[in-house]
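Each chain is listed here by its residues.
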Amino acid sequence: MSVLPLVFTSGWASGINAYAVVLLFGIFGATGLTDEVPESLQRTDVLVTAGVLFLFEAVADKIPYVDSAWDTAHTVVRPVSGAVVAALLAGESGSLPELAAGAVGGSTALLSHLVKAGTRMAVNTSPEPFSNIGVSVAEDLGVAGIITFAVFNPVAAAVVAGVLLLLGLAILAFLASRIRRFRRRRAQRREERRLAGAGRHRPHE
């Protein structure tokens, strides 16, 4: 069977939590649950690094505004990770050219990352922090569930990932006004900090 469904699903998941994808695939490969995972993802140093970064993300992802800053910093990281993981999976199976797999994984990761980042901007317009925690936990569980499902039933998992991606894009369009509000608030905060800093450094007459 073509590795394309697994490539697509891994790309979707990488756009949400790239470190979890690397960690889960590495663990599944190292424990022998699947033969689709290349040895490069099963290396101890890769697993340790992915595990540490996953813990950092698990904390940052649940703090209002910090999560959006983290998403901004990962605008390149997640699509690149999705492309690399996809290319490695394709190279292991030999059923899909690595360049094509990288393009599919990277572009899918970029789309799901944009959905995640935009949704978080909308959530951050809410004054309480609990919605951030709830959304973050749901995302973590979703990534873990879909990657586990993909290992045993890649086609069905790809269908679920595709539906979630389309649903996320639709929700993103619906939340566009709240995202614009978030950006205005962030710009206002930056201006307030700039003015406060200028006031502190103004020489006394």
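As shown above, the structure is provided for reference.
Anyway, here's the lowdown on the structure attached to this text.

So, how was this worked out
Residues numbered from 1 in each chain as written. Predicted model: local features only at pLDDT ≥ 70, side-chain atom pairs only at ≥ 80, totals over all residues. Heavy atoms only, no water. Helix = DSSP H or I, 4+ residues; strand = E, 2+ residues; numbered from the N terminus. Salt bridge = Lys/Arg side-chain N within 4 Å of Asp/Glu carboxyl O. Buried < 20%, exposed > 50% of the residue type's maximum accessible area, 1.4 Å probe, protein only. Arc of directions from axis to C-beta. Axes fitted to C-alpha atoms, helices over the stretch in contact; angles between N-to-C directions. Parallel < 35°, antiparallel > 145°, perpendicular 65-115°, else oblique. Contact = heavy atoms within 4.5 Å. Nonpolar A, V, L, I, M, F, W, Y, C, P; charged D, E, K, R; others polar. Expected span 1.5 Å × (residues − 1). Core = buried A, V, L, I, M, F, W, Y, C linked by side-chain atoms within 4.5 Å.

### A look at the environment of Thr31
Okay, so step 1: Of note, Thr31 is situated in the loop between α1 (4-30) and α2 (44-60).
Okay, so step 2: Sequence-wise, Thr31 and Gly82 are 51 residues apart; in three dimensions their C-alpha atoms are separated by 22 Å.

### Notes on the pattern of salt bridges
Oppositely charged side chains can pair when the atoms bearing their charge come close.
Okay, so step 1: Going through the model one piece at a time under the given rule, you end up with 9 salt bridges.
Okay, so step 2: Between Arg120 and Asp67 there is a salt bridge, with its nearest N and O atoms 3.0 Å apart. In this pair, Arg120 sits in helix α5 (residues 98-123) while Asp67 sits in helix α3 (residues 66-73), placing the two residues 53 residues apart along the sequence.
Okay, so step 3: Under the relative-accessibility criterion, Asp67 is labelled buried at 0%.

### Some thoughts on the environment of Thr125
Okay, so step 1: Here Thr125 lies in the loop between α5 and α6 (130-152).
Okay, so step 2: Here Thr125 falls in the buried class, since its relative accessible area comes to 5%.
Okay, so step 3: Remark: the alpha-carbon pair of Thr125 and Ala150, spanning 25 residues in sequence, is separated by 34 Å.

### A word on α3
Residues spaced three or four apart along an α-helix face the same direction, because each turn holds 3.6 residues.
Okay, so step 1: Considered for burial, the residues of α3 that qualify are Asp67, Ser68, Trp70 and Asp71. Angular distribution of buried residues about the axis of α3 spans 160°; they occupy a single face of the element.

### Some thoughts on the packing of α2 against α3
Okay, so step 1: The contact between α2 and α3 brings their axes to 9 Å, and the two run at 140°. In terms of their interaxial angle, α2 and α3 are classed as oblique. On the side of α2, the interface is formed by Phe56, Glu57 and Ala60, while α3 contributes Val66, Asp67 and Trp70.
Okay, so step 2: By residue class, the composition of the contact of α2 with α3 is 4 nonpolar, no polar and 2 charged.

### Considering α2
Okay, so step 1: When the terminal C-alpha atoms of α2 are compared, their 24 Å separation across 17 residues agrees well with the 24 Å that a helix rising 1.5 Å per residue should span.
Okay, so step 2: Among all positions in α2, only Leu47, Ala50, Gly51, Glu57, Ala58 and Ala60 are buried.

### Things to note about the side chain of Asp71
Okay, so step 1: With respect to the secondary-structure elements, Asp71 resides in helix α3.
Okay, so step 2: Given a relative accessible area of 2%, Asp71 falls into the buried group.
Okay, so step 3: Discounting chain neighbours no more than four positions away, the residues touching Asp71 are Asp61, Arg78, His113, Lys116, Ala117 and Arg120.

### Observations regarding the nonpolar core
Okay, so step 1: Ranked by internal contacts, the top residues of the largest apolar core, which has 31 residues, are Phe25 and Ile147.
Okay, so step 2: Only α1, α2, α4 (77-93), α6 and α7 (154-174) provide two or more residues apiece to this core.
Okay, so step 3: Looking at this core element by element, the count peaks at 12 residues for α1.
Okay, so step 4: With 7 residues, the next largest nonpolar core counts Ala122, Leu172, Leu175 and Phe182 among its residues.

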